[in-house]
Every structure is written in structure tokens, then in C-alpha cells.
Amino acid sequence: MAEPTIDAGAGPVALRTSPLAHLEARMRAAAVTGARGVRLAEWPFITMVNLRVAPDSEAADRIEKTLGAPLPRQCGQTAVSGPHTLLWLGPDEWLVVSPAGGTSVAAELREALAGDPGSAVDVSANRTTLELSGAAARQVLEKGCPLDLHPRAFGPGRAVSTTVGPVAVLLWQVDEAPTYRLFPRSSFADYLARWLIDAMSEYRAPALP
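Here the structure is a predicted model, which is why all the values come from computation and not from measurement. (Residues numbered from 1 in each chain as written. Predicted model: local features only at pLDDT ≥ 70, side-chain atom pairs only at ≥ 80, totals over all residues. Heavy atoms only, no water.)

Asks: I tried to follow the side chain of Thr-128 on my own but got confused; where do I start?
Replies: With respect to the helices, strands and loops of the structure, Thr-128 is situated in the loop between β6 (119–122) and β7 (129–133). Side chain to side chain, Thr-128 and Glu-42 meet in a polar contact 2.7 Å long. (Helix = DSSP H or I, 4+ residues; strand = E, 2+ residues; numbered from the N terminus. Polar contact = N/O pair within 3.5 Å; in protein donor to acceptor, adjacent residues only side chain to side chain.)

Below is the structure:
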């Protein structure tokens, strides 16, 4: 059997494969259109940086200037500045989400820390991003999420750690469509995607009178 060949000029970015590349066609085929529409897709290789810093410190002030947005201070809050979205994880912890390819974000945040207590760690490979959208998206999530996702309690700009089925995720509602982004650990992404595909299937049938 011949040895596989690898293009010597291909770098690690060209060779990488997303955690859900093998389910791309299945997720696309699972889309439902119409009044009960719902769609599922992976957004691979988004840059994610785990940030830890004391919120009332000078280092936090420098971080905010670097990002161009205040650090969210309460559970569920997010902040957006240009390409960056800051998601609250804890009293002194945030996830900074940026477009794919933003490899300098962690370095810029470490520079802003300037040796003060804190950390900025690129965790992009630790999670992937699933986007669930459409009129029935909330109903699909409600099959396995313990949160109250009704608009009176959860709406655009909210992001919290929770579970969907048995999988721990960071759940962020992006807009009123509604569109949700789910950040599972990469090792659980396959299970979660299959769970969501199964939960979506009933919306192909007309609603009962």
C-alpha cells in the first residue's frame, strides 16, 4: 500500500479539519423550510480566547481599551465591538469570540495585561460553533435545555453556560429570528449535532391543529 503524500507547502491551517466536517451534508439536508423552519450549520475555526482578569483593575481598563468595549459584569451579558464579542463566563472570566483567522487576539490581550495578574489563552481548538436558526429554533432547544428561553427571560445578546441534551455548552442568542450559537467542546460536538438533527426532524410535518 502506497504511503499517503502530503503537500510540503501546506501549512497547519490548510490541513486542519473542523470537528463537524463529516456532518456538513447531513446538517444541510436536515434543514426545514416554511413556517416551522429551522437550520443547523457549523461555523468552524472561530477564534476564541479565554480571558481572566480582575474586573476593577488597571489591567482590565487596558483590556477594555484594546477590545474597544467594556467587559460585561453580570451573568448572561455580552458586549460587541467591531469583530469581537465578549461573553461573560464568571466574575473575572470572559470568552472573547472573533472571526476565524484572528490569531493575534490572545497576544494583544496578553500585551494589555502587561505582566499584571490574569491570563489570555487561545482556546479556539477546544470548542466549535454550531448555529441553530429559524422560526422553530427555540422549540428545538427547549427539548433538551433547562433554561427558560421564552423572550421574556432570554433574548438577543444573552449568553449563558447550560446544557443541551447531556452536552455542556455556552449558549448565545444572536438575534430575534431567533438565531442561537452553541459552543460545545469539540469532543462532544458530533453527539450534539446529531441530537439537534434528530430534534429538528419533527418540524418537517405540519403543525397539529
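Having put the structure on the table, let's press on.
Asks: Can you walk me through the sheet that holds strand β4 (residues 84–90) in this structure?
Replies: Think of a sheet as strands paired side by side through backbone hydrogen bonds, with each pair either parallel or antiparallel. Strand order across the open sheet formed by five strands is β3-β4-β5-β2-β6, with antiparallel pairing between neighbours. A single partner strand is all that each edge strand has here, and the edge strands are β3 (78–81) and β6. Going from strand to strand, the sheet's axes swing by 20° on average, the running direction of each strand aside. In this sheet, strand β5 (residues 93–98) lies alongside β4 in antiparallel orientation, the contact comprising five bridges. When the bridges of β5 are listed, Leu-86 appears paired with Val-96. Of the strands in this sheet, β2 (47–52), β4, β5 and β6 are in contact with helix α4 (residues 105–113), which crosses β6 at around 170°. (Pairing = 2+ DSSP bridges. Axes fitted to C-alpha atoms, helices over the stretch in contact; angles between N-to-C directions. Contact = heavy atoms within 4.5 Å.)

Asks: What is the right way to look at α4 in this model?
Replies: Helical geometry note: an α-helix holds 3.6 residues per turn, so side chains three or four residues apart project in the same direction. Buried residues of α4: Val-105, Ala-106, Leu-109, Ala-112 and Leu-113, and no others. For α4, the buried positions fall inside an angular range of 120° around the axis, keeping them on one side. Where α4 is buried, its residues contact β2, α3 (58–67), β4, β5 and β6. Once α4 ends, the next one or two residues include Ala-114, with phi positive near 55°. (Buried < 20%, exposed > 50% of the residue type's maximum accessible area, 1.4 Å probe, protein only. Arc of directions from axis to C-beta.)

Asks: How do you make sense of unusual backbone geometry when you look at a structure like this?
Replies: Negative phi characterises most residues that are not glycine, and trans characterises most peptide bonds. Following Ala-177, the chain continues to Pro-178 via a peptide bond in cis, the omega torsion being 0°. When you line up the elements, Pro-178 lands in the loop between β9 (167–175) and β10 (179–184). If you check the backbone angles, Phe-45 has positive phi at about 65° while not being a glycine. Residue classification places Phe-45 among the partly exposed residues on the basis of a relative accessible area of 30%. Positive phi outside glycine occurs at Ala-114, with the angle close to 55°. Within the secondary structure, Ala-114 is located in the loop between α4 and β6.

Asks: Explain helix α6 (residues 186–200) here, please?
Replies: Here α6 is 15 residues long and its end C-alpha atoms lie 21 Å apart, about the 21 Å a rise of 1.5 Å per residue gives. Every buried residue of α6 is accounted for by Ser-186, Ala-189, Leu-192, Ala-193, Trp-195, Leu-196, Ile-197, Ala-199 and Met-200. (Expected span 1.5 Å × (residues − 1).)

Asks: I'm lost on the pattern of salt bridges in this one. Help?
Replies: If the charged atoms of two oppositely charged side chains come close together, the side chains can form a pair. Per the stated rule, a full pass over the model turns up 11 salt bridges. Arg-52 is the salt-bridge partner of Asp-92, the closest N and O atoms lying 3.0 Å from each other. Of this pair, Asp-92 sits in the loop between β4 and β5 while Arg-52 is found in strand β2, placing the two residues 40 residues apart along the sequence. For Arg-52, a relative accessible area of 32% corresponds to the partly exposed category. With a shortest N-O distance of 2.9 Å, Arg-194 and Asp-190 are connected by a salt bridge. Remark: Asp-190 and Arg-194 occur in helix α6; sequence separation between them is four residues, near one turn of the helix. The partly exposed category is assigned to Arg-194, whose relative accessible area is 35%. Relative accessible area serves as the criterion here: at 25%, Asp-190 is assigned to the partly exposed category. Among the ionic contacts, a cluster of salt bridges with common partners joins Arg-52, Asp-92 and Glu-93. (Salt bridge = Lys/Arg side-chain N within 4 Å of Asp/Glu carboxyl O.)

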